[in-house]
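Structural overview for review
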Amino acid sequence: KAGGRGRVTVFDEEMLSDKRYRRLVERELRAAVYLGELELHYQPIVDTDGSVDALEGLIRWRHPVRSLISPAEFIPIAERSTLIDMIGEWVFKRACADIGHFPGRRISINVSGEQLKRDEIVTMCDRVLRETGRSASQFIIEITETVATAATPEVLRRIEALRGLGFHIALDDFGTGHCGFNYLKSLPIDSVKIDRSYISSLAHDQVAQIFVSALAQIARIQDITIVAEGVETAAEFTLAKTAGCGRFQGYFFGRPAPRDKASALCATAHEP
Ligand code: C2E
Ligand code: CA
Ligand code: CA
Ligand code: CA
């Protein structure tokens, strides 16, 4: 079936509402973990000078028949069951195994709001760190703004516990939810990632400029780093820097790529 951008949607809404079909995909996904069909790609997150500070791990499913499937298509299916916990563990183990290929850099991983509904997220992270001998301070955990603002006391307690282990916490997709500036100081976070929609508006939308600048000023007081997401052009990089963002991510610096390609990009002291 044709998707929005002329792309083929593998699992569409209609299919998702079909319980039997969902079960089938769930079963295939579960098998994909064992069959080694999942891949973690990496996208650089750079400093104001363009040097790579960290890499965001972004999952892909190399399906034998349907080729490379985007997380936007299968993560929602995984989130309907504890399958997301299994995938979350696979992601963190993969990141722990790969981080040696990115000397001096941190890896940022995405944690689903569903994973935060269970204590297992904390015990799993703690266990994998001990098993792999990695330190939590080498990792950033990204939690979306929507999840953070809807967090129950239990979810907040788990975020605090992860931070207690030494993970840095980033608030992802900021600006898409209902997080007031005032609420920011009550959240146990180290950085805020401003959604791409604001970055692409910077050139022509004064409201977006004011929003990003205000956020950057507040963040500075609270010792929070602002990360600009979806930087696609040199002009957007300059505008985001001027507005006060401290880190940058987007196609301008590099697309998500398999580990070895991403690592080669880090090694060649990248200047965009
Ligand atoms: P996200 O966490 O907001 O990740 C950023 C998305 O923006 C990625 O899409 C990335 O490829 C894309 N992107 C980066 N730079 C640019 C740019 O300059 N322009 C444009 N147009 N896009 C850019 P991707 O990899 O398809 O991931 C989509 C979403 O799937 C992620 O959004 C995240 O919510 C979720 N996801 C990815 N990996 C994982 C994972 O391991 N676990 C969980 N729970 N969710 C994941
Ligand atoms: Ca740096
Ligand atoms: Ca993210
Ligand atoms: Ca994001």
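If you check an unreviewed UniProt entry, the chain appears there as GGDEF-domain containing protein from Mesorhizobium hawassense.

Membership of the largest hydrophobic core comes to 76 residues, with the highest contact counts inside it found for I87, F92 and F167. Ranked by the residues each element gives to this core, the list is headed by helix 4 (residues 83–98), at eight residues. Once residues within four sequence positions are removed from consideration, F167 is found in contact with F92, C125, L129, A136, F139, I141, L162 and D190. Counting five residues, the second largest nonpolar core, distinct from the first, contains A54, I140, A170 and V227.

Attention shifts here to the coordination of the calcium ion (ligand 4). Coordination angles at a metal have ideal targets, namely 109.5 degrees for four tetrahedral donors and 90 or 180 degrees for six octahedral donors. The protein atoms donating to the calcium ion (ligand 4) are D172 (OD), D173 (OD), E229 (OE) and E229 (OE), with metal-donor distances spanning 2.2 to 2.6 Å. Within one chain, the residues serving as donors to the calcium ion (ligand 4) are arranged as D-D-x55-E. Here the calcium ion (ligand 3) and the calcium ion (ligand 4) are spaced 4.0 Å from one another, each receiving a donor from D172. Of this pair, D173 sits in strand 6 (residues 168–174) while E229 is found in the loop between strand 8 (225–228) and helix 11 (234–243), placing the two residues 56 residues apart along the sequence. Overall, the relative accessible area of 24% leaves D173 in the partly exposed class. Among the residues examined, E229 registers a relative accessible area of 11% and is labelled buried.

Another aspect to go through is the site of ligand 1. Lining the immediate surroundings of ligand 1 are 20 residues, of which Q43, R60, D172, E232 and Y251 lie closest. One of the side-chain N or O atoms of Q43 is found 3.0 Å from a nitrogen atom in ligand 1. Here a nitrogen atom of ligand 1 sits 3.3 Å away from a polar atom, N or O, in the side chain of R196. Protein burial of ligand 1: of its 790 Å² of free accessible surface, 80% is covered by the chains. The greatest single-element share of the shell around ligand 1, amounting to four residues, is contributed by strand 2 (residues 52–63).

The protein atoms donating to the calcium ion (ligand 3) are E56 (OE), N110 (OD1), E142 (OE) and D172 (OD), with metal-donor distances spanning 2.1 to 2.3 Å. Here the donor residues of the calcium ion (ligand 3) are spaced in sequence according to E-x53-N-x31-E-x29-D.

To continue, consider unusual backbone geometry. Backbone geometry follows two general trends: most residues other than glycine have a negative phi, and most peptide bonds adopt the trans configuration. Despite not being glycine, S67 shows a phi value in the positive range, around 60°. Relative to the helices and strands, S67 resides in strand 3 (residues 67–69). With a relative accessible area of 47%, S67 lands in the partly exposed category. In this structure, D173 is a non-glycine residue whose phi angle is positive, near 55°.

We now examine the packing of helix 2 (residues 19–35) against helix 4. The N-to-C vectors of helix 2 and helix 4 enclose an angle of 25°; their axes lie 11 Å apart at closest approach. In this view, helix 2 runs roughly parallel relative to helix 4, as classed from their interaxial angle. Considering the relative orientation of helix 2 and helix 4, their crossing is left-handed. Mapping the contact onto sequence places E26, L29, R30, V33 and Y34 in helix 2 and L83, M86, I87 and W90 in helix 4. Here the contact of helix 2 with helix 4 is composed, by residue class, of seven nonpolar, no polar and two charged.

Here we come to helix 10 (residues 206–221). In this model helix 10 runs 23 Å from its N-terminal to its C-terminal C-alpha over 16 residues, within 8% of the 22 Å that 1.5 Å per residue would give. Taken residue by residue, helix 10 has A208, V212, L215, A216 and A219 as its buried positions. Looking straight down helix 10, one finds that the buried residues subtend no more than 100° of arc, so they occupy a single side. Structural note: helix 10 exposes Q206, V207, I210 and I221 on the side pointing more than 90 degrees away from its buried face. Those residues of helix 10 that are buried lie in contact with strand 6, helix 8 (181–184), strand 7 (191–194), helix 9 (196–201), strand 8 and helix 11. In this structure D205 caps helix 10, since a side-chain oxygen of it lies 2.9 Å from the backbone nitrogen of V207. Within two residues after helix 10, D223 carries a phi angle of roughly 60°, on the positive side.

What follows is about the environment of I75. Mapped onto the fold, I75 is located in helix 3 (residues 71–78). Judged by relative accessible area, which is 19%, I75 ranks as buried. Put simply, I75 and S201 are 126 residues apart on the chain and 28 Å apart in space, counted from C-alpha to C-alpha. Residues within four places of I75 in sequence aside, it is in contact with I59, I84 and I87.

Scoring rules and cut-offs
- Residues numbered from 1 in each chain as written.
- Chains lettered and ligands numbered in written order.
- Predicted model: local features only at pLDDT ≥ 70, side-chain atom pairs only at ≥ 80, totals over all residues.
- Heavy atoms only, no water.
- Core = buried A, V, L, I, M, F, W, Y, C linked by side-chain atoms within 4.5 Å.
- Buried < 20%, exposed > 50% of the residue type's maximum accessible area, 1.4 Å probe, protein only.
- Helix = DSSP H or I, 4+ residues; strand = E, 2+ residues; numbered from the N terminus.
- Contact = heavy atoms within 4.5 Å.
- Donors = N, O, S within 2.8 Å, 3.2 Å for Na, K, Ca; no water.
- Near = heavy atom within 4 Å.
- Polar contact = N/O pair within 3.5 Å; in protein donor to acceptor, adjacent residues only side chain to side chain.
- Areas by Shrake-Rupley, 256 points an atom, 1.4 Å probe, with all protein chains shown as cover.
- Axes fitted to C-alpha atoms, helices over the stretch in contact; angles between N-to-C directions.
- Parallel < 35°, antiparallel > 145°, perpendicular 65-115°, else oblique.
- Left-handed = near helix turned anticlockwise from the far one by under 90°.
- Nonpolar A, V, L, I, M, F, W, Y, C, P; charged D, E, K, R; others polar.
- Expected span 1.5 Å × (residues − 1).
- Arc of directions from axis to C-beta.

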